[in-house]
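For reference, the chains in residue letters:
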Amino acid sequence: MDGSRAAVVVGGGIGGLTAAVALRRVGWRVTVLERAARFGEIGAGITLMSNGLRCLDAIGLGDAVRGSGQPMLALGMRTAAGRWLSRFDGDGADLEALMGTTAVVVHRAELHAILRDALPTAALLAGVATTGIRGGADGGPAEVRFRHLDHDALLQADLVVGADGVHSWVRAQRWPDAPAPVYSGSTSWRAVTASPSAAVTEMSLSWGRGTEFGVMPLVDGRTYWYAAANADEAQRNPGELEELRRRFGTWHEPIPAVLAHTPPEVVLRHDIYRLPKLDSYYRGSVVLLGDAAHAMTPNLGQGGGQALEDAIVLAAAVSRTRDVATALADYDHQRRGRTQSMSRAATRQLRFGQQLRAPVAVAVRNTAVALTPDRVALLAIARYGKWLPPALGN
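Here's what I pulled together on the structure shown here. (Residues numbered from 1 in each chain as written. Predicted model: local features only at pLDDT ≥ 70, side-chain atom pairs only at ≥ 80, totals over all residues. Heavy atoms only, no water.)

1. Some points on the overall build of the chain
For the chain, the count of helices and strands is 13 helices and 19 strands. For the chain, the C-alpha radius of gyration of 21 Å lies close to 21 Å, the compact-globule estimate for 394 residues. Relative to its full complement of 394 residues, the chain shows a buried share of 54%. Expressed as a percentage of contacts within the chain between residues at least 6 apart in sequence, the contacts between residues at least 24 apart total 73%. Of the roughly 16200 Å² that the chain leaves accessible, carbon and sulfur atoms contribute 52%. Charged side chains in the chain number 42 positive and 37 negative. The centres of these two groups are separated by 4 Å. (Helix = DSSP H or I, 4+ residues; strand = E, 2+ residues; numbered from the N terminus. Rg over C-alpha atoms; globule rule 2.2 N^0.38 Å. Buried < 20%, exposed > 50% of the residue type's maximum accessible area, 1.4 Å probe, protein only. Contact = heavy atoms within 4.5 Å. Areas by Shrake-Rupley, 256 points an atom, 1.4 Å probe, with all protein chains shown as cover. Lys, Arg positive; Asp, Glu negative; His and termini not counted. Charge placed at Lys NZ, Arg CZ, Asp CG, Glu CD.)

2. A look at helix α2 (residues 50-58)
In terms of burial, α2 is a largely internal element, 7 of the 9 residues being buried. Every buried residue of α2 is accounted for by S50, N51, G52, L53, R54, C55 and L56. Downstream of α2 by one or two residues, G60 has phi in the positive range, about 80 degrees.

3. A short note on the packing of helix α10 (residues 303-320) against helix α11 (residues 324-352)
Pairs of packed helices are described in terms of their axes, by the angle between the two and the distance that separates them. Interaxial distance between α10 and α11 falls to 8 Å at its minimum, and their mutual angle equals 160 degrees. By the criterion of interaxial angle, the relationship of α10 to α11 is roughly antiparallel. With respect to the hand of their crossing, α10 and α11 are arranged in right-handed fashion. Residues Q306, E309, D310, V313, L314, A317, V318 and R320 of α10 lie in contact with α11, whose contacting residues are A327, L328, D330, Y331, Q334, R335, R338, T339 and M342. Residues that form the contact of α10 with α11 fall into these classes: 8 nonpolar, 3 polar and 6 charged. (Axes fitted to C-alpha atoms, helices over the stretch in contact; angles between N-to-C directions. Parallel < 35°, antiparallel > 145°, perpendicular 65-115°, else oblique. Left-handed = near helix turned anticlockwise from the far one by under 90°. Nonpolar A, V, L, I, M, F, W, Y, C, P; charged D, E, K, R; others polar.)

4. What about the pattern of salt bridges?
Here the structure, examined in full by the defined rule, presents 18 salt bridges. In this structure, E243 and R246 form a salt bridge, with 2.7 Å as the shortest nitrogen-oxygen distance. Of this pair, E243 and R246 both sit in helix α7 (residues 240-248), 3 residues apart, roughly one helical turn. Salt-bridge contacts for R283 lead to D279; the nearest nitrogen and oxygen are separated by 3.6 Å. Judged by its relative accessible area of 25%, R283 falls in the partly exposed class. (Salt bridge = Lys/Arg side-chain N within 4 Å of Asp/Glu carboxyl O.)

5. Regarding the packing of aromatic side chains
Enumeration according to the criterion identifies 6 aromatic pairs in this entry. An angle of 55 degrees between the planes, with centres 5.6 Å apart, marks the rings of Y183 and Y273 as tilted. In this pair, Y183 sits in strand β13 (residues 182-192) while Y273 sits in strand β17 (residues 268-274), placing the two residues 90 residues apart along the sequence. Comparing Y183 with Y273 shows no difference in burial state: the two are buried. Summarising the aromatic geometry, the rings of F213 and W225 are spaced 5.4 Å apart at their centres and angled 20 degrees between planes, so their arrangement reads as stacked. You can see F213 sitting in strand β15 (residues 211-217) and its partner W225 sitting in strand β16 (residues 223-230), a full 12 residues away along the chain. (Phe/Tyr/Trp six-rings, centres within 6.5 Å; stacked < 30°, edge-to-face > 60°.)

6. Observations regarding the environment of F88
As for its position among the elements, F88 is in strand β6 (residues 84-88). Residue F88 is classed as buried on the basis of its relative accessible area of 9%. When the C-alpha positions of F88 and L392 are compared, they lie 35 Å apart, and in sequence the two are 304 residues distant.

7. Observations regarding the sheet that holds strand β12 (residues 159-162)
The sheet built from 6 strands is open, its strands ordered β8-β2-β1-β12-β19-β18 with mixed pairing. For this open sheet the edge positions go to β8 (124-126) and β18 (282-283), each flanked by a neighbour on one side alone. In this sheet, β12 lies alongside strand β1 (residues 6-10) in parallel orientation, the contact comprising 4 bridges. Its bridge partner being in β12, V8 is matched across the sheet by V160. (Pairing = 2+ DSSP bridges.)

8. Focus on the sheet that holds strand β7 (residues 104-107)
Consider a sheet: its strands pair through backbone hydrogen bonds, and that pairing is either parallel or antiparallel. What the 3 strands build is an open sheet, ordered β3-β7-β4; its pairing is antiparallel. What marks the edges here is a single partner per strand, and that holds for β3 (45-48) and β4 (70-71). Here 2 bridges tie β4 to β7, and the two strands are oriented antiparallel to one another. Bridged to P71 within β7 is V104.

Rendered as structure tokens:
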């Protein structure tokens, strides 16, 4: 690492940390600014398909993540009553052959810790309030101003990476004309059970009318689950777990058991937003990645994977040339079409799947899924993961 070029990453989530690790591997000095008081991830899980795992392989962390994750050996789709519409329960090798590599389900906190441990402590600043970005409009160096530990500070940066989520502060600064995030019409709940008492052995997604519930096993025997439902924006309940029991308590097992083994205080609820397409992912020496650039609904399981792809492509682009503007134009060319196309596909899947409410429409959907050969259905999912990361320069 020659230390001659510096990057500031705004946002210390999975995408931001991956970008930081990848940039350091190609010789950059990196500082990550995180708004929260400490670095960490919320208590839920994430599914990493083959493309995400290959990105982690590119920065030398793939094996560590696989070791912390539960391989996806079986998966399927069910009705609220428990009838299987589609099911693939091969021996793992079959699934791996179709997916391109083993997919895993991992606790977000575990993935975050692996990424965080790959960075020097001095590169991670938490409890930061970013206050401004100056310069960099022509692709030259920029200055990031922030407040940390009750002191105003600034960092000079050849590259500023906005990895600060769907409601990105960086995007608001340099893309003031960008359309605001759009509420999808669905809200989601997520949690991990407190114990392996309600152990789940396979990944499944169950559909109701305007609702869905997914369960995924973790490596320690606990279960990561999520639910989604049509709802008004910003609607909340005094007890979200009780609301979930009201909505899903009569669904098939293991859903009631999973809810029974979930402490109320760990249930997270977030409305689901998507970001209308931007005309560019960079302006000058400021670039966006992950949800800050292309927040999508979670229906393809690719939100995290696309952030990982962004991070590796960005690092590879800046490793090939010292001209930041040229590198970011290359990054934009590679990433914008793929991510915006995937965002549209995720929205279509949301509308075809969870959001359908009319009984006739639900029946037609279920019949269509049931008549689709299982391997064909799996290939439709796996095709989004058939992506190879570029080589990093150093």
